[in-house]
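Overview (structure and organization)
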Amino acid sequence: MPERAPLLRTLVALAVTLVAGAALLFGQPATSGPPQPLSVGAAWPNAERGNSPSHLADGSTYTPGWFFDARTSAGTARTADNKFLRLVVLEPDKTERELRRVPSTDRGPFSALTSEGDTLVWVETIKSRPQLWTADLKSGKPAHLLTEDVGALRLYASQYDLTVTNGIVRWTAAAGDSTEFRSTAVTGGPVTVQRVPGDWGLSAWPWAVDGQTAATGATTLHNLTTGQDVKVPAGRRAVTACSPAWCEVVSLNEEGDTRIELSHADGSARRTIAEGTYQTVISDVAVLDRFQVIGRVGPQSELSGNQELLVYDLTDRSTVLISPDAADISYRGGVLWWSTGDRSSYVRNSLDLRTI
């Protein structure tokens, strides 16, 4: 046995030399590249996750529009005879509670769902006329009309399209070259209108952000309580979107790839969070003032329409892989959800970012 030790050391040394030579000839191993994103389970083991079926018990397709938590949602489904569209609440045990139904001739009648506590509020559009409706889920009373006085309602696929804060429902409406900021009590009553020149959308109260329809995006944040304006950072040939806490600047680098940067509204703490085949996948910036939701297009994306779903965590500058193959990505009120599978068989997955 002792005689074999020098031979063993010689063989090991030879193997190391061969590996080193291969590295010089063919480059470093793949493991020496940028660190791979952590999975949700590894990064956030205590985060609450859930899933919703693509079809309800009667076989109708279910499309969630709001999550109260990772396992309880409100969304839409047709009746079995396809004559009506329903707004239902789906419980964790798959129990369904119907809140409203309208004739299926009105396409997409339920939108901009939001809630505060046990109160759900939504836009209901019948024969192209939008209204606000509400339901108290705790009392069990029927849903009722909140107001028809909504103006020329604007919806931008943002969680701030319709908000409820401290019992006040808020939304925006077009008014010529101005924007109307409208509000009413969640219990009902007259609608209050505040008009501001320009093209604005609501953000976290009391802020509004301009550039909703501009090619280059936002330039200013406006405080609806104090009247204060804050100019936000912009980039050359870039698109800017902002919340009161963070701004997102999307541009192209020298190679023609997408660069996504974040900074505070005053331009400080600017950093590149992604560069390559990345894209923004939701309207809202740095949700919960912490998480930037992004997607990465892969070789199969053109065929499947799906992409990698990732979240950049501003607290520790880490990137977490939420799903390697996601579609129909949405976010509202602290919950991120997406579908996995194909069009004939898929599951809606959800992640409550408030529990991280």
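A brief report on the enclosed structure follows. Bear in mind the structure is a predicted one, so any value in this text is a computation, not a measurement.

Our focus in this paragraph is the sheet that holds strand β6 (residues 96-103). One open sheet accounts for four strands, arranged β3-β4-β5-β6; its pairing is antiparallel. With one partner strand each, in any of the chains shown, β3 (63-69) and β6 form the two edges of the open sheet. Across this sheet, the average inter-strand angle for adjacent strands is 20°, counted without regard to direction.

Take the state of the cysteines next. Simply put, disulfide is the name for a covalent bond between the sulfur atoms of two cysteines. The tally for this structure, following the rule as stated, stands at one disulfide. With a sulfur-sulfur separation of 1.9 Å, Cys242 is cross-linked through a disulfide to Cys247. An S-S torsion of about 110° defines the bridge between Cys242 and Cys247 as right-handed. The exposure class assigned to Cys247 is buried, which follows from its relative accessible area of 0%.

Right, let's talk about the environment of Gly59 for a bit. With respect to the helices, strands and loops of the structure, Gly59 is situated in the loop between β2 (48-53) and β3. Since its relative accessible area comes to 47%, Gly59 is described here as partly exposed. On a C-alpha basis, the gap between Gly59 and Ala77 in space is 9.6 Å, while along the polypeptide they are 18 residues apart.

Let's shift gears to the side chain of Ser178. Within the secondary structure, Ser178 sits in strand β14 (residues 178-185). Residue class for Ser178 comes out buried when judged on its relative accessible area of 14%. When residues no more than four places from it in sequence are discounted, the contact partners of Ser178 are Arg154, Ala173, Arg195, Val196, Pro197 and Gly198.

What follows concerns the pairing of strand β20 (residues 239-242). Judged by which residues are buried, β20 turns out to be one-sided: Thr240 and Cys242 face inward and are buried, whereas Val239 and Ala241, on the alternate face, are not. One ladder, built from four bridges, connects β20 with strand β21 (residues 246-252); its direction is antiparallel. The residue of β21 that forms the bridge with Thr240 is Val249. Taking the residues between adjacent antiparallel strands as the criterion, β20 and β21 are bridged by three residues.

Conventions adopted
Residues numbered from 1 in each chain as written. Predicted model: local features only at pLDDT ≥ 70, side-chain atom pairs only at ≥ 80, totals over all residues. Heavy atoms only, no water. Pairing = 2+ DSSP bridges. Helix = DSSP H or I, 4+ residues; strand = E, 2+ residues; numbered from the N terminus. Axes fitted to C-alpha atoms, helices over the stretch in contact; angles between N-to-C directions. Disulfide = S-S within 2.5 Å. Buried < 20%, exposed > 50% of the residue type's maximum accessible area, 1.4 Å probe, protein only. Contact = heavy atoms within 4.5 Å.

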